[in-house]
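Structure at a glance
The chain contents come next:
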Amino acid sequence: MSEIFTTDVLTALLAGGILAGVPLLFAALGEMVAERAGVLNIGLEGYMLMGAYVGFVTAYHTNTFLGFLGGAAAGAAVSLIMVVLCIRLGLDQIVVGIAITLAAEGATALIFDSQFAESRPTLGATERIDIPGLSQIPVVGGGDTSDGSVFSQPPIVYIGLAIVVGTAWTMRRTHWGLNIRAAGDKPSALDAAGVSVLGTRTWATLFCGAMAGMGGAYLSITAAGLFEDFITQGRGFIAIVLAMLARGKGAWVLIGAFVFGISLSISDALQIAGVDISTDLVFMLPFVTVIAVLVVFGRRSYLPAALALPYVRGAR
Amino acid sequence: MRRSFKHAALAVIVAGAVALTGCGSDSGSGDDTSGGSTSAPAVSIAKIGIAAPEKGNDYGWNQQGVDGAKAAAANLGAEIEVADGVGYDNVEPVLRRLAQQDSKLIIAQASGYNTVAPKVAAQFKVPTLVYDSPSATKAGEVADVETSSQQGAYLAGILAAKTTKTGTLGIVVSAADTNWFKMAGGFAAGAKSVKADVKFKMAQVGQAAYADSAGGKRVTAQVIAAGADIVFGMGDGASFGMLQAVETAKAPAGADKVYFIDVIGDKSPIDKKDVLLSSVLWDFTKVFEQAAADIGAGTFGSTGYEINVTNGISLLKTDLAPEDVWAEVDDAQAKIASGEIEVPLTPDQAAVDALIK
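Rules used throughout
Residues numbered from 1 in each chain as written. Chains lettered and ligands numbered in written order. Predicted model: local features only at pLDDT ≥ 70, side-chain atom pairs only at ≥ 80, totals over all residues. Heavy atoms only, no water. Contact = heavy atoms within 4.5 Å. Salt bridge = Lys/Arg side-chain N within 4 Å of Asp/Glu carboxyl O. Polar contact = N/O pair within 3.5 Å; in protein donor to acceptor, adjacent residues only side chain to side chain. Helix = DSSP H or I, 4+ residues; strand = E, 2+ residues; numbered from the N terminus. Domains from an automatic or database assignment. Buried area = accessible area lost by both parts, 1.4 Å probe. Nonpolar A, V, L, I, M, F, W, Y, C, P; charged D, E, K, R; others polar. Expected span 1.5 Å × (residues − 1). Buried < 20%, exposed > 50% of the residue type's maximum accessible area, 1.4 Å probe, protein only. Arc of directions from axis to C-beta. Pairing = 2+ DSSP bridges.

As a measure of interface size, the accessible area lost when the parts come together is often cited. On the side of chain A, 54 residues touch chain B, which itself brings 44 residues to the contact. Taken together, the links from chain B to chain A amount to four salt bridges. A salt bridge links Asp268 of chain A to Arg218 of chain B; the shortest N-O distance between them is 2.7 Å. For the interface between chain B and chain A, the tally reads 11 residue pairs in polar contact (both at pLDDT 80 or more). Elements with a contribution of two residues or more to the side of chain B that touches chain A: helix H1 (2–24), strand E8 (199–204), helix H7 (213–225) and helix H8 (238–248) of chain B. Looking at which element gives the most residues to the side of chain B that touches chain A, the answer is H7 of chain B, with 10 residues.

And the structure:
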């Protein structure tokens, strides 16, 4: 058991937690904004999958930076289906969301296999930025390790943290944020104020798609370094739950994503240490931890009143 | 205008649903290849059909099954019909179609088909092979294939224990899978047989994380950080992530490089960093040929089949395996075949834990 508390293992544990948490952070942040605007994106998994595929292929043919941009663009493009069918035409958000996920699963597998089934290309390790001084601190530094740690991460991770701060500020302090919250809480009031409810929801959903696509791209480019059919493995649905439990608070999305990631990493470490606990219980750890943390500390938040409801002017 | 827009939107959904149906079912149908008659045994079987849940180019279970069926068909001078990428949700129509198209032997290449396959076999009276379901055996209709994969893993354990520099071996499995546990136990037993003090670091990616390549990479990286310089990985799609972790890992103290041992298929063509030390290969060809022979003799279904080191389980030899170590592997293989070495069977995690702790 004592050999599990070495610097290398603890560093790998933190790195694993970040690897597992970042895709959830991006996707859940996007979903949080969309939910605040009244749009429930059950198709988040589909946005992530398309982002993962396009991000990987773009990075493979060009570079990592363009890969992430391509992933975000692909996620946003898929979310356009949600915009057209649910926001503009008022179709059921849950049904369309499920269709998007299934279609993305089939489409990405089909296209990827037609291109790469035999060659199975991989990307090398993503380049990281070491925070001067801090990256040399044992365990949290990670400067000289293969997967880094808190202070040695690829630029996309720092960009993600900046987006969290920017989104939280926008939601709380700007007219855009107010409009988004109104679109989810009282869309008729927003409409009466002369702001387009459909337009607001459209931009929120496109942002959600872009963030989920970015999360998917992180998964394929950095976390795995390759694309595999259904690589997301249900992470989109976990992100939806995280966004709901965070209930509109960007900081809680951040905390939830990394608590989940670190818990997942701890469950790996427990097994490696040979702790005599059933794997059934070990695999419950991330879910139980996140639910406990967010329910206990995030309980004063709430879900928007008009969540998943189409807006029709004048309808009661 | 708005009305026509709605119609267009509905058309998109319907088209999507149709496309999904296509993706989820028989994507590999029509892969007909006439087998070239070579040294065909005195068995006459016109056509072999195989249904596999994933695509037949996955460098793993499905590819080995499809390749084995094709090789058997070629050796027997039979036609082959491959239905791969079938999944698990809508298998019965695929098996029925294989039967209706005159397959004389159907291979249901997934234990997940064990409920449906015997039903179709009974309905169409077509001899059918299933996996890990001895109770389904029925004369003339259904025969069971069991894998003694732990025997190949035992050989991999010898190779790993003789090659490791840190004295710590990693075992990573993608799921709570009987075959993974059997091989994990065989690997541990083989390693201990030549190096009693070898240590193991074992972890499971998830309960059924077969395709979780990101999870496979994350867990493998932690196993390597815990000191393992050779990782025995079992994962289907997740194993690509394990391989990626090994390729990008910083070697633990005492080692200069980390190596990977794979299972079922041969990933040499995609091993760009020369880290693939070996693989426990499963070749089903001889088992399929034996099944065809039994059909000809009228004895199909009277007994089950076992794939082991004498008829299909082997260890992939790469340039990374030292010659002297390989001689020991060959020796152990001969002893397993003769019964001199009996590899322990560890069908669950508890049995594996008892060996590695």
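We are not done yet, so read on.
A few words now on the domain arrangement of chain B. Residue and element names in this part refer to chain B. Domains assigned within chain B are domain 1 (15–146 + 284–307) and domain 2 (149–274 + 320–356). Between domain 1 and domain 2, the C-alpha centre-to-centre distance is 30 Å. In this complex, domain 1 contributes six residues to the contact, which on the side of domain 2 involves eight residues. Of the roughly 650 Å² buried where domain 1 meets domain 2, counting both sides, 53% is carbon and sulfur surface. Per-residue buried area on domain 1 facing domain 2 is highest for Tyr59, Trp61 and Gln64; these three make up 70% of the total on that side. At the boundary of domain 1 with domain 2, the tally comes to zero salt bridges. Summed over the shared surface of domain 1 and domain 2, the number is one residue pair in polar contact (both at pLDDT 80 or more). Class assignment for the residues of the side of domain 1 that touches domain 2 results in two nonpolar, two polar and two charged.

The next point concerns helix H5 (residues 155–173) of chain A. All names here are of chain A. Taking 1.5 Å of rise per residue, 19 residues should cover 27 Å, and H5 covers 27 Å from first to last C-alpha, within 8% of that figure. Within the span of H5, buried status applies to Ile156, Val157, Gly160, Val164, Thr167 and Met171. Relative to the axis of H5, the buried residues are bounded by an arc of 100° and lie together on one face. The exposed residues of H5 that point more than 90 degrees off its buried face are Val165, Trp169 and Arg173. If you follow the buried residues of H5, they end up packed against helix H1 (7–36), helix H3 (64–88), strand E2 (152–153), helix H6 (175–185), helix H8 (197–224) and helix H10 (250–272).

Residue and element names in this part refer to chain B. Burial along strand E4 (residues 105–108) is two-sided: the residues Leu105 and Ile107 and Ile106 and Ala108 are all buried. Across four bridges, strand E2 (residues 47–51) lies against E4 in parallel orientation. Bridging across to E4, Ala51 finds its partner in Ala108. Sheet analysis places E4 next to strand E5 (residues 128–131), joined by two bridges and oriented parallel.

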